[in-house]
Structure formats: structure tokens, C-alpha cells
Amino acid sequence: DVLFIGEGEGENGARVLTVARARPILTVTEEPNAIAAGSVINFTVDRDRVRFEISQYNAERGGLKLNARLLAVAARVYRGPR
């Protein structure tokens, strides 16, 4: 399952991430600090380009395995708690 939480969800998005955190759900967000809130993939904009960061730690905590190719193209990979 995939759950997308769009920009501007604020506290509501954080509550949803808390519920989804312990389940095998790929959470995708576009909020600053979403990785720290439990997201697995977070989209960012850097110099007018869309990039993404990944939390391998959050994925594994939820029972998900990420493909090495996906990790290789991420702008940033977090391997531990953030």
C-alpha cells in the first residue's frame, strides 16, 4: 500500500504518519521534516528541481524493503533515526 500526504497537511499529516508508521505502508510526503515524522519518501525542491529523500530506517521499521537502485538515485538517504 502507498499513502501520499500532500504539502500543507500539517498536524493532520503528522497524525496520519504516526498511525501508518508501524504498518507496511509506503508513505510519501512533500513536507519539510516529514522524514523525522515517520515518512519513508519525501519530495523536496532544490534549485527548481524535484528531488527526493528516503528514510531506510523508517521503511525497515514498517517492514518494507527498498530497492538499492531507488536508494542510489535519492538526494539523501537516512539510515538511522532522525
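On a predicted model such as this, the values are computed, not experimentally measured, just so you know.

**What about helix α1 (residues 10–20)?**
Moving on, step 1. Looking only at α1, the buried set comprises Gly13, Leu17 and Ala20. Looking straight down α1, one finds that the buried residues subtend no more than 65 degrees of arc, so they occupy a single side. Seen from the buried face of α1, the exposed residues on the opposite side, beyond 90 degrees, are Glu11 and Arg15.
Moving on, step 2. Close packing links the buried residues of α1 with β1 (2–5), β2 (26–29) and α2 (34–37).

**Side note on the confidence of the model for the protein chain**
Moving on, step 1. The share of residues in the protein chain with pLDDT of 70 or more is 100%, and the mean pLDDT across the chain is 91.
Moving on, step 2. Mean pLDDT across the secondary structure elements of the protein chain bottoms out at α1, with 83, and peaks at strand β4 (residues 49–55), with 97.

Basis of the calculations
- Residues numbered from 1 in each chain as written.
- Predicted model: local features only at pLDDT ≥ 70, side-chain atom pairs only at ≥ 80, totals over all residues.
- Heavy atoms only, no water.
- Buried < 20%, exposed > 50% of the residue type's maximum accessible area, 1.4 Å probe, protein only.
- Helix = DSSP H or I, 4+ residues; strand = E, 2+ residues; numbered from the N terminus.
- Arc of directions from axis to C-beta.
- Contact = heavy atoms within 4.5 Å.
- pLDDT = per-residue confidence, 0-100.

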